[in-house]
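# Structural overview
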Amino acid sequence: MDFQLTDEQRMLVEAARDVAKRGLSAQAARWDQEDVFPRENVPTLASAGLLGLTLPEEYGGGGGTILDLVLAMEQIATVCPPSAFILGCQTGLGAKAISMYGSEDLKSALLPKFCTGEKLIAWAMSEPGAGSDIGGMHTNAVRTGSGYRVSGEKTWISLATAADVFVVITRFEGAPGLKGLGAVIVDRDTPGLQVGKKVHTMGMRGTGMASVLLDGCEVPDENVLLGPGQYRALLAIMSGERVAGNPPVSLGIAGAALTAAKAYLGAREAFGQKLSEFQGLRWKLADMAIQLECARVLVYRAAANAGSGLPSTFEASVAKVVANEAAVAIADAALQIHGAAGYGLEFPVERMARDARGMCIGDGTVEIQRNLIAAELLGRVGR
């Protein structure tokens, strides 16, 4: 197994790191403090060729692999996790689903605009009574003469306050369970669609998270992305998000926290010596590095094995759990190393600790991932 990045991938990492430091870092704290969506960062990401990184070249994308996206998102997330969310949404989840399962008309109409940032896309899945339990969703699509009428309520939708296009996960004709689920594309200006109250969170602020209400939205047949019976494709897209959407953000946060801890240990003195000379703190730093390296290898493995397609459920879930929990532990350790200073707003580690915690919940909780891992090990008994 070759653990070396290609020359092109190393160049991508350097380019993404440069964009993060030069184009995104100055305002990163403000997006969190004011809970404002960083729309001005969209052109920056687009001009660097990062939006649509893994979408097909014939539609303006980069034609890259899942690992390429992971590498870019990790670098962006070290500075500005909300901007990494933008990159993930414009390339993964709904955009990825359209590139893989959409009609030629849908791909031609939407994918080029996602790559330039002219249109932003959001994945509308979670509901007030159904988050990780996607089989319990109530949003329903009822057949009409030329399409479907969709009604329901979505919540915790990233980019909702800014999105122009929503990929709405719905069931068709009230069919129960996972088999009744599919996806439709709903434009923001569709009558009956209303972006509701912004969701205020302890971390990951600035992601434009809000509820989305659908009251009899008329969706033509051509906007049906995944129809009745295509729920397996939906689950496959979610596995992709558990590698190329959520985990690289955790890696970026964890890497930034480790860097901040190293800098603080090298600069601060106590009892007549640098903090970096205390063995207990040196071991803590070493443990942080070990956790990050383990998480990175698992995320990279899942992404590399997926190629340009979609990862295995097992590898995706393992990668997500380890990356999420490593980020929480590393950010918490960085805050502890900073002491009282870390608990204040002068240093960014308190923001990192808040941001890392939310990743364990989004895109399927770590508990749900453990259920999926066990199901894969046991041959999906009972599902």
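Look above for the structure.
Below is a short write-up of the structure. All figures in this text were calculated on a predicted structure; none of them were measured in a lab.

### Considerations on the overall build of the chain
On a plain count of helices and strands, the chain comes out with 14 helices and 10 strands. In terms of overall size, the chain behaves like a compact globule, its C-alpha atoms giving a radius of gyration of 21 Å where 383 residues would be expected to give roughly 21 Å. Referenced to the eigenvectors of the C-alpha coordinate spread, the extents of the chain come out at roughly 80 × 45 × 40 Å. When contacts within the chain are restricted to residue pairs at least 6 apart in sequence, long-range pairs at least 24 apart make up 73% of them. Here the chain carries 35 positive and 41 negative side-chain charges, and the mean point of each set is 4 Å from the other.

### Considering helix 13 (residues 349–359)
By the criterion of burial, helix 13 is predominantly enclosed, with eight of the 11 residues buried. Val 349, Glu 350, Arg 351, Met 352, Arg 354, Asp 355, Ala 356 and Met 359 are the residues of helix 13 that are buried.

### Observations regarding the packing of helix 11 (residues 313–338) against helix 14 (residues 366–377)
Viewed as axis vectors pointing N to C, helix 11 and helix 14 meet at an angle of 145°, and their least axial separation amounts to 9 Å. The handedness of the crossing between helix 11 and helix 14 comes out as left-handed. Two secondary-structure elements touch here, helix 11 through Thr 313, Phe 314, Ser 317, Val 318, Lys 320, Val 321, Asn 324 and Glu 325 and helix 14 through Val 366, Gln 369, Arg 370, Leu 372, Ile 373, Glu 376 and Leu 377. Here the residues of the contact of helix 11 with helix 14 sort into seven nonpolar, four polar and four charged.

### Topic: the packing of aromatic side chains
Under the definition given, this model contains two aromatic pairs. Ring geometry for Tyr 148 against Phe 172: centres 5.0 Å apart, planes inclined by 75°, an arrangement best described as edge-to-face. You can see Tyr 148 sitting in strand 3 (residues 147–157) and its partner Phe 172 sitting in strand 4 (residues 165–172), a full 24 residues away along the chain. Since its relative accessible area comes to 3%, Phe 172 is described here as buried. On the numbers, 5.6 Å between centres and 85° between planes, the contact of Tyr 264 with Phe 347 is edge-to-face. Linking Tyr 264 in helix 9 (residues 247–267) with Phe 347 in the loop between helix 12 (340–343) and helix 13, this pair joins segments that are 83 residues apart in sequence. We classify Phe 347 as partly exposed; its relative accessible area is 25%.

### Considerations on empty space enclosed by the protein
Enumeration according to the criterion identifies three cavities of 30 Å³ or more in this entry. Estimates place the volume of the largest cavity at around 110 Å³. Surrounding the largest cavity, 15 residues form its lining, Ile 66, Gly 92, Lys 96, Gly 240 and Ala 244 being those nearest its centre. In terms of residue count, helix 8 (residues 231–244) provides more of the lining of the largest cavity than any other element does, four residues in total. Split into classes, the residues belonging to the lining of the largest cavity amount to seven nonpolar, six polar and two charged.

### Observations regarding the nonpolar core
Counting residues in each nonpolar core, the largest one holds 90 residues, and the members touching the most others are Ile 76, Val 249 and Met 288. Residue contributions to this core peak at 11 residues, all from helix 9. Excluding anything up to four places from it in sequence, Met 288 contacts Ala 257, Leu 258, Ala 261, Ile 330, Ala 333, Ala 334 and Ile 337. Counting residues in each nonpolar core, the second largest holds 31 residues, with Leu 55, Cys 115, Leu 181 and Ala 233 among its members.

### Remarks on the pairing of strand 5 (residues 181–187)
Within strand 5, six of the seven residues are buried, which leaves the element mostly enclosed by the surrounding structure. Two elements, strand 4 and strand 5, share seven bridges in a ladder whose sense is antiparallel. Bridge assignment links Ile 169 to a residue of strand 5, and that residue is Ala 183. In terms of strand pairing, strand 5 meets strand 8 (residues 224–226) through two bridges, oriented antiparallel. Within strand 8, the residue paired with Ala 183 across the bridge is Leu 226.

### Some remarks on unusual backbone geometry
Residue Phe 271 is not a glycine yet carries a positive backbone phi of 55°. Looking at the secondary structure, you find Phe 271 in the loop between strand 9 (269–270) and strand 10 (273–274). Phi angles above zero are rare outside glycine, and Asp 363 is one such case at about 60°. Structurally, Asp 363 is set in the loop between helix 13 and helix 14.

### Remarks on the packing of helix 6 (residues 93–101) against helix 7 (residues 104–116)
Close contact between helix 6 and helix 7 brings their axes to 10 Å; oriented N to C, the two are set at 145°. Once helix 6 is placed against helix 7, the crossing between them reads as left-handed. Residues Ala 95, Ile 98 and Ser 99 of helix 6 form the contact with helix 7, whose participating residues are Leu 106, Lys 107, Leu 110, Leu 111 and Phe 114. Its residues placed into classes, the contact of helix 6 with helix 7 shows six nonpolar, one polar and one charged.

Analysis parameters
- Residues numbered from 1 in each chain as written.
- Predicted model: local features only at pLDDT ≥ 70, side-chain atom pairs only at ≥ 80, totals over all residues.
- Heavy atoms only, no water.
- Helix = DSSP H or I, 4+ residues; strand = E, 2+ residues; numbered from the N terminus.
- Rg over C-alpha atoms; globule rule 2.2 N^0.38 Å.
- Contact = heavy atoms within 4.5 Å.
- Lys, Arg positive; Asp, Glu negative; His and termini not counted.
- Charge placed at Lys NZ, Arg CZ, Asp CG, Glu CD.
- Buried < 20%, exposed > 50% of the residue type's maximum accessible area, 1.4 Å probe, protein only.
- Axes fitted to C-alpha atoms, helices over the stretch in contact; angles between N-to-C directions.
- Left-handed = near helix turned anticlockwise from the far one by under 90°.
- Nonpolar A, V, L, I, M, F, W, Y, C, P; charged D, E, K, R; others polar.
- Phe/Tyr/Trp six-rings, centres within 6.5 Å; stacked < 30°, edge-to-face > 60°.
- 1 Å grid on protein atoms, 1.4 Å probe; cavity = no way out; pocket = protein on both sides within 12 Å on 5 of 7 lines; lining within 4 Å.
- Points joined across faces, edges and corners; volume = space filled by probe spheres on them.
- Core = buried A, V, L, I, M, F, W, Y, C linked by side-chain atoms within 4.5 Å.
- Pairing = 2+ DSSP bridges.

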